[in-house]
Amino acid sequence: MPRRSSNAPSVPVVATIDIGTTSARAIIFSREGEELAKHQIEYSTTASEAPDSSSNTDQFRRRSSLMRQNEPIFSAEGIAISINDNVMIENNQSSVGPTLRFPQPGWVECMPVHILANAVQCLVACLITLRKINQNPNLKLKYRVRAIGIANMRETTIVWSRKTGKPLSGGITWTDTRTAEIVQHLEKMIDDDRKAELKEKTGLPLSTYFSAAKLRWLLDNDDVIREEYEKGDGNLMFGTVDTWLIYHLTKEKTYVSDITNASRTYFMDLATLDWDDELMDFWGIDPTKIRFPKVVSSSEFYGEFAAPNLSNLGFHNKITQEAYDILKTITGVPICGCLGDQSASLVGQLAFTSGSAKCTYGTGAFLLYNTGPRKLISKQGALTTFGYWFPTLEGANGKPHYALEGSIAVAGSIIQWLRDNLKMIDNAKDIGPLASQVENSGGVVFIPAFSGLYAPYWDSGSRGTIFGMTQYTSASHIARAALEGVCFQVRAILKAMASDAGASEDFLEESLCCQGTRRPLSSLATDGGMSKADEVLQIQADILGPCVTVTRALTPECTALGAAIAAGLAFENEEDRIWKDLDDVVEKITGGAEGKTGNKFVAELPDDVRRKNWKRWEKAIDRAKAWLDDE
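Residues numbered from 1 in each chain as written. Predicted model: local features only at pLDDT ≥ 70, side-chain atom pairs only at ≥ 80, totals over all residues. Heavy atoms only, no water.

Engineer: Which parts of the structure should I look at to understand the pattern of salt bridges?
Structural biologist: When the charged atoms of two side chains with opposite charge come close together, those side chains can pair. Taken as a whole and judged by the stated rule, the model has 29 salt bridges. Linking Asp 18 and Arg 25 is a salt bridge whose minimum nitrogen-to-oxygen distance equals 3.0 Å. Exposure remark for Arg 25: the relative accessible area of 11% places this residue in the buried category. A salt bridge links Lys 195 to Glu 187; the shortest N-O distance between them is 2.7 Å. Linked through salt bridges whose partners overlap, the residues forming this network are Arg 154, Glu 155, Arg 264, Asp 341 and Glu 405. (Salt bridge = Lys/Arg side-chain N within 4 Å of Asp/Glu carboxyl O. Buried < 20%, exposed > 50% of the residue type's maximum accessible area, 1.4 Å probe, protein only.)

Following this line, the structure appears as structure tokens:
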């Protein structure tokens, strides 16, 4: 369990390491959810090298990005990364090569040691900032890191040696599609009943997305990994990014994976909360020949922080002594919170109530719908996953919470398209003002199916289509219709999820759901780029109707905050926690801001107009489907 803190008076804070797909960051949060310190590194990348007669894994090892390079890394704000007084890397070498590699079309690899080094570098920078804050003579009590949480991109697969701790290949990221043939072969080998059985157990469809196919590919195609596997001497270790980080950042070399990450591998049974022998057999994996981490909760003591020896792992740049001295200030602090990124966002959005949901509007959109302790297998094409598991809490709050997950292919990218292809706006932030120049879309419906329709329609033959234009139609009408097209898709997928949860088809129109306790969808928490525009969230609220409140995140760093919350709740003694329980989390972090103007949006559109618009949308969807079927 997490150790009790010393009695020295201080203000407890939580440090979070957040490993994303294209960047790493560390943030130190106060119990009010405020960012006291933050540092981010955007990954450097490389295009694929020209092939030669060597195997792909040989090319990887020979051209490893651990070779010295002096190219700087730039932050999201375009600032070259540098830590005060070169405290992290000697000789001002902030990078030793690309963190992401693209060896072949469809292949996306990450460098596990770089991921770890980036995490350490970001953490050092935050601790330097915290030290400066604590040097303020006007500060009555100093801040002290009491717990550490981890959030990470899911599904990314890493295999390493227990003897050396070094990765045996590049990590295969969640976006990588090299496993397509493996998945297609299995699709053909099994019937629909078998697929249904597998989905009932895992909550997932067969896809290149998840970790199992990636591990199968490595065992089939990487000579070194295959040889170690055949030895069967316990040297081979499998893990996702959370497992890799916790293993190398704990004094105990703790080997675990939390349920929100483990459930994305296709090796875990949602009911037993553990690895499943039948699933291992399905993928042809012998668990006696490769180690799997222990599946644990999202909020418990994993181990005490200890700085990793990056040189021993092949990181050529020399870490300064001052950096290690800074890290000693948190040596022994418990790492005790861990969540996959989308689950972390759900927690960071404070969507704790069964029936609440969150939507992250990025290039596409990720939706998670909290179903509470009840496991639901979607009949509408959504995935079943875990939201979180906080076992120190009492009653239902301490049980594993499931979630339905769905994605929309086009969200923020529609704004980029209007900007770059149609030249309607100069900057993405201009979309709201342009759309608000008109009260409605003037009858225009925009189906942004640039690469087909995802859940709940699942029609790959659809294409982007604009209906209802007349000579009256202006750029503002098209811009508004584009935003509505995203928001209508959000409604469609939430409607499908709520249907899975037992609501009637027309739950969004039922006045009952606004009155009694039966509220299949109570709120939609939002974050991501599009959520910054008031116009977008008002359109979303109008499309969802009066039963659902749309809220904007109080912080743009919901993912990191979610991991901080998980860590802050991990202490078994309530008095030792950063937050006592979920009510305390909401009270401290919102501070009453939930109801403030600008963060909360409710429907203003008359019910009859909303119903008419929804029927028009469904009519347009029907006409946009199967556009390519005759080709």
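There is more to say, and it comes next.
Engineer: I'm lost on the nonpolar core in this one. Help?
Structural biologist: For soluble globular proteins, the rule of thumb is that nonpolar side chains tend to be buried together. Counting residues in hydrophobic clusters, the biggest one holds 61 residues, and the most contacted among them are Tyr 369, Ile 447, Leu 494 and Leu 524. Sequence-distant contacts of Leu 524, defined by excluding residues within four places in its chain, comprise Ala 357, Lys 358, Cys 359, Tyr 361, Val 490, Leu 494, Gln 540, Leu 544, Val 548, Thr 549, Val 550 and Thr 551. With 55 residues, the next largest nonpolar core counts Val 120, Val 145, Leu 327 and Cys 338 among its residues. (Core = buried A, V, L, I, M, F, W, Y, C linked by side-chain atoms within 4.5 Å. Contact = heavy atoms within 4.5 Å.)

Engineer: Looking at this model, I keep getting lost on the pairing of strand S23 (residues 523-528). Mind explaining?
Structural biologist: As a general feature of sheets, a regular strand has side chains that alternate between the two faces. Note: strand S17 (residues 356-361) against S23, six bridges, orientation parallel. Bridging across to S23, Thr 360 finds its partner in Asp 527. The sheet contact formed by S23 and strand S24 (residues 549-552) spans four bridges and is parallel. Of the residues in S24, the one forming a bridge with Thr 526 is Arg 552. Regarding the hand of the β-α-β motif, the stretch spanning S23, helix H15 (residues 534-544) and S24 is right-handed. (Pairing = 2+ DSSP bridges. Helix = DSSP H or I, 4+ residues; strand = E, 2+ residues; numbered from the N terminus. Right-handed = clockwise from strand over helix to strand, strands pointing away.)

Engineer: Hey, could you run me through the packing of aromatic side chains in this one?
Structural biologist: The geometry of an aromatic ring pair is captured by two quantities: the separation of the ring centres and the angle between the planes. Applying the stated criterion across every chain yields a total of 20 aromatic pairs. Seen in terms of ring centroids, Tyr 266 and Trp 283 are 5.6 Å apart; in terms of plane orientation they differ by 80°. Their pairing is edge-to-face. With Tyr 266 in the loop between helix H8 (259-262) and strand S12 (268-269) and Trp 283 in the loop between helix H9 (277-282) and strand S14 (294-296), the pair connects residues that are 17 residues apart, well separated along the chain. Trp 283 shares its class with Tyr 266; the two are buried. A ring pair is formed by Trp 275 and Phe 292, whose centres lie 5.4 Å apart and whose planes are at 65°; its orientation type is edge-to-face. Of this pair, Trp 275 sits in strand S13 (residues 274-275) while Phe 292 sits in the loop between H9 and S14, and the two are 17 residues apart along the sequence. Exposure class is identical for Trp 275 and Phe 292. Each is buried. An aromatic cluster of three or more residues is present, and its members are Trp 160, Trp 244, Tyr 247 and Tyr 255. Over the face of the ring belonging to Trp 217 we find Arg 178, whose NZ or CZ atom lies 4.6 Å from the ring centre. Sitting over the face of the ring of Trp 614, Arg 491 holds its NZ or CZ atom 4.3 Å from the ring centroid. (Phe/Tyr/Trp six-rings, centres within 6.5 Å; stacked < 30°, edge-to-face > 60°. Lys NZ or Arg CZ within 6 Å of the ring centre and 35° of its normal.)

Engineer: Explain the packing of helix H14 (residues 475-500) against H15 here, please?
Structural biologist: A pair of packed helices is characterised by two quantities: the angle between their axes and the separation of those axes. Two elements in contact, H14 and H15, have axes separated by 9 Å at closest approach and are oriented at 45°. Judged on the interaxial angle alone, H15 and H14 are oblique. Regarding H14 and H15, the two cross each other, and that crossing is right-handed. Each of Arg 480, Leu 483, Glu 484, Cys 487, Phe 488, Val 490, Arg 491 and Leu 494 in H14 lies in contact with H15, whose residues at this interface are Val 536, Ile 539, Gln 540, Ile 543 and Leu 544. (Axes fitted to C-alpha atoms, helices over the stretch in contact; angles between N-to-C directions. Parallel < 35°, antiparallel > 145°, perpendicular 65-115°, else oblique. Left-handed = near helix turned anticlockwise from the far one by under 90°.)

Engineer: Where do I start with the sheet that holds S23 in this structure?
Structural biologist: Two orientations exist for strands paired in a sheet by backbone hydrogen bonds: parallel and antiparallel. Strand order in the open sheet made by the seven strands is S19-S20-S18-S17-S23-S24-S25, with mixed pairing throughout. The sheet is open, and its two edges are formed by strand S19 (383-388) and strand S25 (600-601), each paired on a single side. Along the sheet, H14 makes contact with S17, strand S18 (365-372), strand S20 (401-408) and S23, crossing S20 at roughly 145°.

Engineer: So what exactly am I meant to see when it comes to the sheet that holds strand S15 (residues 299-304) here?
Structural biologist: Reading across from one edge, S3-S2-S1-S7-S16-S15 is the order of the six strands in this open sheet, with mixed pairing throughout. The open sheet has two free edges, formed respectively by strand S3 (35-42) and S15, since each of these has just one partner strand. The mean angle between the axes of side-by-side strands here comes to 25°, regardless of whether they run parallel or antiparallel. In this sheet, strand S16 (residues 334-340) lies alongside strand S7 (residues 143-152) in parallel orientation, the contact comprising five bridges. Paired with Ile 148 across the bridge in S16 is Ile 335. On top of the sheet, helix H11 (residues 341-348) reaches S7 and S16; it is set at about 100° to S16, its chief contact. Of the strands in this sheet, strand S1 (11-19), strand S2 (23-29), S7, S15 and S16 are in contact with helix H16 (residues 558-568), which crosses S16 at around 135°.

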